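Tertiary structure, described
Spelled out, the chains give:
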Amino acid sequence: MGRIAKGINKVTGTVIGVSGRLILLALVILLLVEGMSRGYAFGYDIFHPTAMEEAPGTDISVTIPEDQSDSETAAMLEDVGLIANRYAMMFQLKFYEYEIYPGTYQLNTAMTSKEILRELNEKPAEETDS
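This write-up is about the structure you can find in this document. As the structure is a computational prediction, the values presented were derived from the model and not from experiment. Numbers given to residues run from 1 along each chain, matching the order in which its sequence is written. Since the coordinates come from a predicted model, pLDDT governs what is reported: local features require at least 70, and pairs of side-chain atoms require 80 or more to be given and counted, while whole-chain, interface and lining totals use all residues. Excluding hydrogens and water, the side-chain figures rest on all heavy atoms present in the structure.

1. Considering the packing of aromatic side chains
Filter applied, for reference: Classification of ring pairs rests on two measures: the distance between centres of Phe, Tyr or Trp rings, Trp counted by its six-membered ring, which must be within 6.5 Å, and the angle between planes, read as stacked under 30 degrees, edge-to-face over 60 and tilted in between. Note on conventions: DSSP H or I runs of at least 4 residues are helices, E runs of at least 2 residues are strands, and numbering of each starts at the N terminus. Throughout, exposure labels follow a simple rule: accessible area from a 1.4 Å probe, protein chains only, divided by the maximum for the residue type, with under 20% read as buried, over 50% as exposed, and the rest as partly exposed. Either the NZ atom of lysine or the CZ atom of arginine qualifies as a charge over a ring when it sits within 6 Å of the ring centre and within 35 degrees of the ring normal.
The tally for this structure, following the rule as stated, stands at six aromatic pairs. On the numbers, 6.0 Å between centres and 15° between planes, the contact of Phe 91 with Phe 95 is stacked. Here Phe 91 pairs with Phe 95, and both are found in helix H3 (residues 86-95), just four residues apart, close to one helical turn. For Phe 95, a relative accessible area of 47% puts it in the partly exposed group. Taken together, the ring pairs in this structure connect Phe 42, Phe 47, Phe 91, Phe 95, Tyr 96 and Tyr 98 into an aromatic cluster. Of note, Lys 114 hangs over the ring of Tyr 96, and the distance from its end group to the ring centre comes to 4.2 Å.

What follows is the structure, encoded as structure tokens:
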């Protein structure tokens with residue numbers, strides 16, 4: 001019985017070892033696929049932004065205070081429903097070298113994040129008159 005038990009233990013150990021490797025390999029593949037999918041979606045948001053709504057959309061008045069950071073502005077725009085991804089907008093802001101000026105802006109949910117950045121990159125009418 002000792003030899004049979006050793007044989008069974010050896011086979012069981014091999015099956016468990018192979019199963020563990022297969023599970024680990026499946027997890028690695030799952031993480032790679034998920035990472036590639038999310039990476040593609042993020043890149044798509046950066047270089048081919050879409051609007052939150054179809055035209056005509058909804059007009060939203062946004063006031064950006066003087067001391068508000070770019071990341072706070074992106075978070076605010078995401079919270080009010082003007083953009084879908086604040087991190088993609090932050091990347092666009094740096095990549096396209098836009099600057100956000102303080103003031104009150106009339107934005108629309110039919111605008112893409114890049115169009116919104118173009119608007120925020122120009123000083124509002126009240127600011128340029130003074």
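Continuing now.
2. Things to note about the environment of Leu 82
The condition that has to hold: Note on definitions: a residue-residue contact is assigned when non-hydrogen atoms from the two residues lie within 4.5 Å.
Residue placement: Leu 82 occurs in the loop between helix H2 (70-79) and H3. With 24 residues separating them in the primary sequence, Leu 82 and Thr 58 have C-alpha atoms 9.3 Å apart. Contact partners of Leu 82, with chain neighbours within four places excluded, come to Met 52, Ile 60, Val 62, Leu 77, Leu 107, Asn 108, Thr 109, Met 111 and Ile 116.

3. So, a nonpolar patch on the surface
Definition in use: Exposure above 30% relative accessible area and no salt bridge define the residues that can form patches, which grow by joining like charges within 9 Å and nonpolar side chains of Val, Leu, Ile, Met, Phe, Trp and Tyr within 5 Å. For the accessible areas, the method is Shrake-Rupley and the probe is 1.4 Å, while residue cover comes only from the protein chains on display. Throughout this description, the term salt bridge denotes a Lys or Arg side-chain nitrogen within 4 Å of a carboxyl oxygen of Asp or Glu.
On the surface, a cluster of nonpolar side chains totalling about 850 Å² of accessible area is made up of Val 18, Leu 22, Leu 24, Leu 25, Val 28, Ile 29, Leu 32, Val 33 and Met 36. Secondary-structure assignment places Leu 25 in helix H1 (residues 2-47).

4. Quick look at the pattern of salt bridges
Scanning the model with the defined rule gives three salt bridges in all. Between Glu 34 and Arg 38 there is a salt bridge, with its nearest N and O atoms 2.7 Å apart. Of the two residues, Glu 34 and Arg 38 both sit in helix H1, four residues apart, roughly one turn of that helix. What makes Arg 38 exposed here is its relative accessible area of 60%. The salt bridge involving Asp 70 is made with Lys 94; its shortest N-O contact spans 3.8 Å. Taken together, the residues span a long stretch of sequence, with Asp 70 in helix H2 and Lys 94 in helix H3 at a distance of 24 residues. Overall, Asp 70 belongs to the partly exposed group, its relative accessible area being 24%. Note on Lys 94: relative accessible area 56%, which makes it exposed.

5. Quick look at the pairing of strand E1 (residues 59-64)
Spelled out, the test is: One requirement defines pairing of two strands: DSSP has to find at least two bridges between them.
Only one face of E1 is buried, namely the one carrying Ile 60, Val 62 and Ile 64, since none of Asp 59, Ser 61 and Thr 63 on the opposite face is buried. Bridging between E1 and strand E2 (residues 103-108) involves six bridges; their strand directions are antiparallel. Counted as the bridge partner of Val 62 is Tyr 105 from E2.

Function cannot be inferred from these measures alone, as they are strictly geometric.
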